[in-house]
Amino acid sequence: MAKNKLYAIHFIDGRQDPDILVSTWAECSELIKGAPNRYKGFSEPKDAEEWLASLETAGKKTYEVTLPDVYAKALDKELKLMHMSLSEYLTDIIRTDLLNEEPDSSNGESEEDEELPF
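For the structure given in this document, a descriptive report is provided here. In this text, all values refer to a predicted model and were calculated from it rather than measured experimentally.

## Observations regarding the pattern of salt bridges
A complete count under the given rule lists 4 salt bridges for this structure. Note that Arg95 is salt-bridged to Asp92, the shortest N-O span being 2.7 Å. Note that Arg95 and Asp92 are positioned in helix H4 (residues 86-98) at a spacing of 3 residues, about one turn of the helix. According to the relative accessible area criterion, Arg95 is partly exposed, its value standing at 21%. Classification of Asp92 by relative accessible area gives partly exposed; the value is 26%. Here Arg95 makes a salt bridge to Glu101, at a shortest N to O gap of 4.0 Å. Looking at Glu101, the relative accessible area reads 41%, which means it is partly exposed. Here the salt bridges share partners, and the residues they tie into one network are Asp92, Arg95 and Glu101.

Structural data, given as structure tokens:
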């Protein structure tokens, strides 16, 4: 079994450089700790670069957003309270505010559910 010679990391948290190649597991594990990402080990740089390129063409686009600290803290607090990722939150805003679609009602409740008086 061939041992990995390098690791490709794709960060999905708005970092300046979302794609990084590193040569050791120790470096990879330190970089990915606590950061939303996708990573994979490779034995050839060409394969790693092709994998990273395929992530960009998978029907999604990555945006980088920079917010002042006060707004970032407020957003982080709200996302934590709602148990949502930033991606889910922005998708809901775009769906309802920009595309005028109905809000996602996947919270398990139906319109027929009534609040009981006790």
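## Topic: the environment of Asp97
With respect to the helices, strands and loops of the structure, Asp97 is situated in helix H4. A polar atom in the side chain of Asp97 sits 3.4 Å from the side chain of Thr96.

## Topic: the packing of aromatic side chains
For the structure shown, the criterion picks out 3 aromatic pairs. With 5.7 Å between their ring centres and 45 degrees between their planes, Trp25 and Tyr39 make a pair best called tilted. Of this pair, Trp25 sits in helix H1 (residues 25-32) while Tyr39 sits in strand S3 (residues 37-42), and the two are 14 residues apart along the sequence. Look at Trp25 and you get partly exposed, because its relative accessible area is 40%. Residue classification places Tyr39 among the partly exposed positions, given a relative accessible area of 39%. A connected cluster of aromatic rings, assembled from ring pairs, spans Tyr7, Trp25 and Tyr39.

Rules and cut-offs
Residues numbered from 1 in each chain as written. Predicted model: local features only at pLDDT ≥ 70, side-chain atom pairs only at ≥ 80, totals over all residues. Heavy atoms only, no water. Salt bridge = Lys/Arg side-chain N within 4 Å of Asp/Glu carboxyl O. Helix = DSSP H or I, 4+ residues; strand = E, 2+ residues; numbered from the N terminus. Buried < 20%, exposed > 50% of the residue type's maximum accessible area, 1.4 Å probe, protein only. Polar contact = N/O pair within 3.5 Å; in protein donor to acceptor, adjacent residues only side chain to side chain. Phe/Tyr/Trp six-rings, centres within 6.5 Å; stacked < 30°, edge-to-face > 60°.

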